[in-house]
Amino acid sequence: MRILGISAFHHDAAAALVVDGVPIAAMQEERYTRRPFDSSFPKWSVRACLRAGGLRAADLDQVVFYEKPLRKFERCLATQLQSFPRSSGVFYKSMYLWLGDRLWMKNRIADELEVDTDRIVFTEHHEALAANAFFTSPFEEAAVLIAGGVGEWATTSLARCSGSDVEILAEVRFPHSLGLFASAVTQYLGFEPGRDEELVLSLAARGQPRFAGAFAELVQATEDQGFTVDQSRFRFAFDSERLFGQGLEELLGPARSPRADPTALPDAHAADVAHGLRAVLEARMTALALELARRAPSENLCLTGDLARLRRLNAAIFASGAFRRLHVPPAPAEAGAALGAALLVAARSGGGRPRAHPACALGEAVVPASDEGGRVLASEAEAVPLLLERIEAGGVVGLARGRMELGHHSRGGRVLLGDARAEATCRRVRRIRLSEDFAPLSLVVPAERAAELFELPPGTASALATGMLAVRAKDRARAALSFALDPDGTACVLCVSAEEAPVLHALLTAFGQRTGLPVLLCETLDQRGLPMVRTEADALDLLRRMELDAVLVNDRFHARVAPEKKTGEPQLALAGVSR
Amino acid sequence: MQNRISALGTGFKTAGELVRALWGGPFWWLVPAVALLLPAALIFVFLQAVPLVAPFVYTVF
């Protein structure tokens with residue numbers, strides 16, 4: 001059975017192809033359009049998926065959309081009318097969008113793909129998210145906690161998954177949403193909602209619990225371990241542009257202007273607000289995890305939804321001790337939901353439990369540049385000394401190999417690497433990615449040596465392999481990696497194996513032999529405001545414009561060399577390595 | 001013409017599903033509002049399917 005899953009019109013539009021229960025391809029639209037978080041209909045991704053499967057749209061048995069538009073319209077109309085007259089400014093725009101386009105999703109999909117409408121089906125948003133988490137996990141049964149912005153009505157759900165079954169047990173409904181609450185506070189702090197929440201949680205490590213009382217007032221627990229969000233201080237129930245209201249500023253003080261100074265550390269007030277946000281998220285999510293353990297007794301926990309992108313929060317939830325093993329899919333939000341929806345329909349079609357590889361590297365291979373340059377390496381082993389030499393000299397190198405991964409954090413296929421011990425390298429990596437000076441950095445270690453350097457909670461191997469967990473550094477690593485770690489000594493760590501990422505693993509091993517510390521900075525090969533690189537040309541563009549020293553694209557090594565000075569201005573050019 | 005009729009048919013089907021779902025649930029009170037909004041929306045769907053008129057749909061509305 002050939003099933004195409006589609007997610008679109010929120011953020012991170014994507015498409016995924018599943019044939020006979022086996023994921024063949026999964027692509028994110030932003031990689032093709034080069035618009036970060038692109039939410040438009042994923043026509044490029046659909047084409048790429050069909051190409052990967054050797055299919056035409058007419059060959060598809062089913063096309064599944066990741067949510068139910070009619071229920072979502074019901075929610076939008078009801079909340080806009082209930083919020084009137086506060087919603088009057090956005091009602092017209094919203095209805096125009098819904099009545100002109102979104103409501104007729106079946107027509108839209110049929111037109112775009114030229115398939116019969118009777119082949120188009122819809123899943124519940126949270127069912128698709130739960131399926132994405134469970135079917136990419138190594139577990140045979142699991143409890144699943146889904147928490148994010150909002151789908152149709154549900155903002156947070158507790159689910160139980162077993163075999164090919166996905167069952168939603170309980171839900172918290174809109175407008176009470178921890179995901180939208182976190183986005184609103186992120187916007188209040190002058191950062192970009194939907195993208196910078198992890199930055200804000202990292203900032204929390206620098207704050208004090210000054211606003212604990214205020215945040216306890218904003219999010220209150222209910223008797224069934226759910227929660228309510230004080231709507232009088234927020235606008236997200238009816239306005240997707242400005243998420244917080246005057247009431248929040250009365251409670252916490254004036255909002256920080258957007259990215260007031262990207263290089264400056266936000267003041268103590270911002271750090272204290274971030275601390276309050278992190279504390280209340282951890283408290284509510286931990287309570288939900290304990291309630292989930294009561295309703296769906298299991299040793300295995302899967303976390304998914306927008307909030308599962310927050311790796312520090314994942315660590316706090318698992319620390320509740322209610323579960324023994326943890327899995328977090330690499331694309332826990334909308335992009336993964338396209339894959340989840342397709343896997344769910346496959347499971348419900350009677351084909352048994354579908355199983356996707358946890359890394360979700362189901363995209364295209366790196367598209368080679370037409371203008372070939374650089375040096376073709378005879379073997380993978382040849383790449384290691386070339387990369388190592390530049391890293392040891394304080395350089396930053398890029399690695400683009402294998403199939404593209406779903407999600408915004410690369411698991412080794414599209415990464416920037418540098419020496420995590422050096423302050424200058426940490427600063428360079430942040431400059432390359434145009435991120436704030438205090439932005440948290442991720443690290444990569446060989447899976448078999450991670451326990452030497454970090455305090456790894458037992459049962460987290462799966463979450464560490466997808467890089468979706470923050471862990472605390474041991475004393476030895478803490479002293480050496482102080483510039484890369486958060487002030488509380490934690491960092492998001494990706495554990496790689498020789499089978500999954502042979503070049504990266506060999507490079508880490510070689511670096512460990514030379515320095516005694518097999519760990520490198522590991523950020524996604526992208527630049528703020530642009531998606532992860534897709535083609536060799538994208539990688540070379542980064543090499544030309546940013547402070548990268550070299551990039552390995554498949555088996556082709558490109559290095560940056562300084563040409564002879566012709567004028568007073570230093571210039572840089574690309575060249576293959578000659579030695 | 002076949003496509004236009006087919007698009008309109010799917011549109012009517014979707015509208016019917018929406019009204020039935022609302023009427024049977026806690027948001028039955030939305031039905032009058034939807035009844036006012038849907039005819040305009042269906043005209044929109046139909047006009048979009050007519051190649052000559054489609055570019056002017058947004059001007060018309």
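Residues numbered from 1 in each chain as written. Chains lettered and ligands numbered in written order. Predicted model: local features only at pLDDT ≥ 70, side-chain atom pairs only at ≥ 80, totals over all residues. Heavy atoms only, no water.

Chemist: Help me understand the overall build of chain A, please; the structure alone is not making it clear to me.
Modeler: Helices and strands together make up the secondary structure of chain A, namely 20 helices and 23 strands. For a compact globule of 579 residues, the expected C-alpha radius of gyration is about 25 Å, and chain A comes in at 23 Å, within 12% of that figure. For chain A, the spread of C-alpha atoms along the principal axes amounts to about 70 × 60 × 50 Å. Relative to its 579 residues, chain A shows a buried fraction of 61%. Of all intrachain contacts in chain A linking residues separated by at least 6 positions in sequence, the fraction that spans at least 24 positions is 71%. With the model as given, the accessible surface of chain A reaches about 21200 Å², and the carbon-plus-sulfur share is 51%. (Helix = DSSP H or I, 4+ residues; strand = E, 2+ residues; numbered from the N terminus. Rg over C-alpha atoms; globule rule 2.2 N^0.38 Å. Buried < 20%, exposed > 50% of the residue type's maximum accessible area, 1.4 Å probe, protein only. Contact = heavy atoms within 4.5 Å. Areas by Shrake-Rupley, 256 points an atom, 1.4 Å probe, with all protein chains shown as cover.)

Chemist: Mind showing me how you'd approach the overall build of chain B here?
Modeler: Assigned secondary structure in chain B consists of three helices and zero strands. When the 61 residues of chain B are sorted by exposure, 31% land in the buried category. Counting only carbon and sulfur atoms, one obtains 72% of the accessible surface of chain B, whose full area is about 3900 Å².

Chemist: What's the story with the packing of helix α6 (residues 125-135) of chain A against helix α13 (residues 334-351) of chain A in this structure? I'm lost.
Modeler: Between two packed helices, both the angle of their axes relative to each other and the distance between the axes serve to describe the pair. All names here are of chain A. As a packed pair, α6 and α13 sit with axes 7 Å apart at the nearest point and diverge in direction by 85°. Judged by the angle between their axes, α6 and α13 are roughly perpendicular. Packed against α6, whose contacting residues are His125, Glu127, Ala128, Leu129, Ala131, Asn132 and Phe135, the element α13 presents Glu334, Gly336, Ala337, Leu339, Gly340, Ala341, Leu343, Leu344, Ala347 and Arg348 at the interface. Class assignment of the residues belonging to the contact of α6 with α13 gives a composition of ten nonpolar, four polar and three charged. (Axes fitted to C-alpha atoms, helices over the stretch in contact; angles between N-to-C directions. Parallel < 35°, antiparallel > 145°, perpendicular 65-115°, else oblique. Nonpolar A, V, L, I, M, F, W, Y, C, P; charged D, E, K, R; others polar.)

Chemist: Even after reading the chapter, I still don't get the nonpolar core, so can you show me in this structure?
Modeler: It is characteristic of soluble globular proteins that their nonpolar side chains tend to be buried jointly. All names here are of chain A. The biggest cluster of nonpolar side chains holds 126 residues, and the ones touching the most others in it are Phe181, Phe215, Leu443 and Phe454. For this core, the element with the highest residue contribution is helix α11 (residues 268-295), accounting for twelve residues. Other than its neighbours up to four places away in sequence, Phe181 contacts Phe215, Leu218, Val219, Val229, Phe234, Phe236, Leu277, Val280 and Leu281. Formed by 65 residues, the second largest nonpolar core is a distinct cluster that contains Ala14, Ala26, Ile146 and Ala341. (Core = buried A, V, L, I, M, F, W, Y, C linked by side-chain atoms within 4.5 Å.)

Chemist: Any chance you could explain a nonpolar patch on the surface here in plain terms?
Modeler: A grouping of Leu81 of chain A together with Trp23, Trp28 and Trp29 of chain B is seen on the molecular surface, where their side chains present a nonpolar patch of about 470 Å² in accessible area. Position of Trp28 of chain B among the secondary structure elements: in the loop between α1 (2-23) and α2 (31-48). (Patch = residues over 30% accessible without salt bridge, like charges linked within 9 Å, V, L, I, M, F, W, Y side chains within 5 Å. Salt bridge = Lys/Arg side-chain N within 4 Å of Asp/Glu carboxyl O.)

Chemist: How should I be thinking about helix α7 (residues 178-188) of chain A in this particular structure?
Modeler: Each full turn of the α-helix corresponds to 3.6 residues, which orients residues three or four apart in the same direction. Residues and elements named next belong to chain A. The element α7 is largely enclosed, with a buried count of eleven among its eleven residues. Those residues of α7 not exposed but buried are Leu178, Gly179, Leu180, Phe181, Ala182, Ser183, Ala184, Val185, Thr186, Gln187 and Tyr188. Tucked into the core, α7 has its buried residues touching α8 (197-203), α9 (212-218), β9 (219-221), β10 (227-229), α10 (246-252) and α11. The N-terminus of α7 is capped by Ser177, whose side-chain oxygen sits 3.4 Å from the backbone nitrogen of Gly179. With its phi angle positive at about 85°, Gly190 sits one or two positions after the end of α7. (Polar contact = N/O pair within 3.5 Å; in protein donor to acceptor, adjacent residues only side chain to side chain.)

Chemist: Help me understand the confidence of the model for chain A, please; the structure alone is not making it clear to me.
Modeler: Low pLDDT marks regions whose predicted coordinates should not be analysed in detail. Residues and elements named next belong to chain A. Here chain A averages 91 in pLDDT, while 96% of its residues score no lower than 70. When pLDDT is averaged over each helix and strand of chain A, the minimum, 46, is found for strand β23 (residues 573-576) and the maximum, 98, for strand β6 (residues 141-147). Segment residues 563-579 is flagged for pLDDT under 50; beyond a separation of four residues in sequence, or across chains, it makes 28 contacts in the model. (pLDDT = per-residue confidence, 0-100.)

Chemist: Can you walk me through the interface of chain A and chain B in this structure?
Modeler: By a frequent convention, interface size equals the accessible area lost on bringing the separate parts together. In this complex, chain A contributes 19 residues to the contact, which on the side of chain B involves 22 residues. A per-residue breakdown of the area chain A buries against chain B is headed by Leu70, Tyr96 and Trp104 of chain A, which together make up 33% of the total. Applying the counting rule to chain A against chain B returns zero salt bridges. If you look at where chain A meets chain B, you find zero residue pairs in polar contact (both at pLDDT 80 or more). Elements with a contribution of two residues or more to the side of chain A that touches chain B: α3 (69-82), α4 (88-100) and α5 (105-113) of chain A. Per-element tally for the side of chain A that touches chain B: the top contributor is α3 of chain A, with seven residues. For the side of chain A that touches chain B, the class distribution of residues is twelve nonpolar, four polar and three charged. (Buried area = accessible area lost by both parts, 1.4 Å probe.)

Chemist: Looking at this model, I keep getting lost on unusual backbone geometry. Mind explaining?
Modeler: Glycine aside, the phi torsion of most residues is negative, and most peptide linkages are trans. Residue and element names in this part refer to chain A. Put simply, Phe84 and Pro85 share a cis peptide bond, and its omega is 10°. With respect to the element layout, Pro85 can be found in the loop between α3 and α4. In the segment running from Phe174 into Pro175, the intervening peptide bond is cis, with an omega of 10°. Here Pro175 shows up in the loop between β8 (165-173) and α7. The backbone of Arg34 shows a phi angle near 60°, a positive value even though the residue is not glycine.

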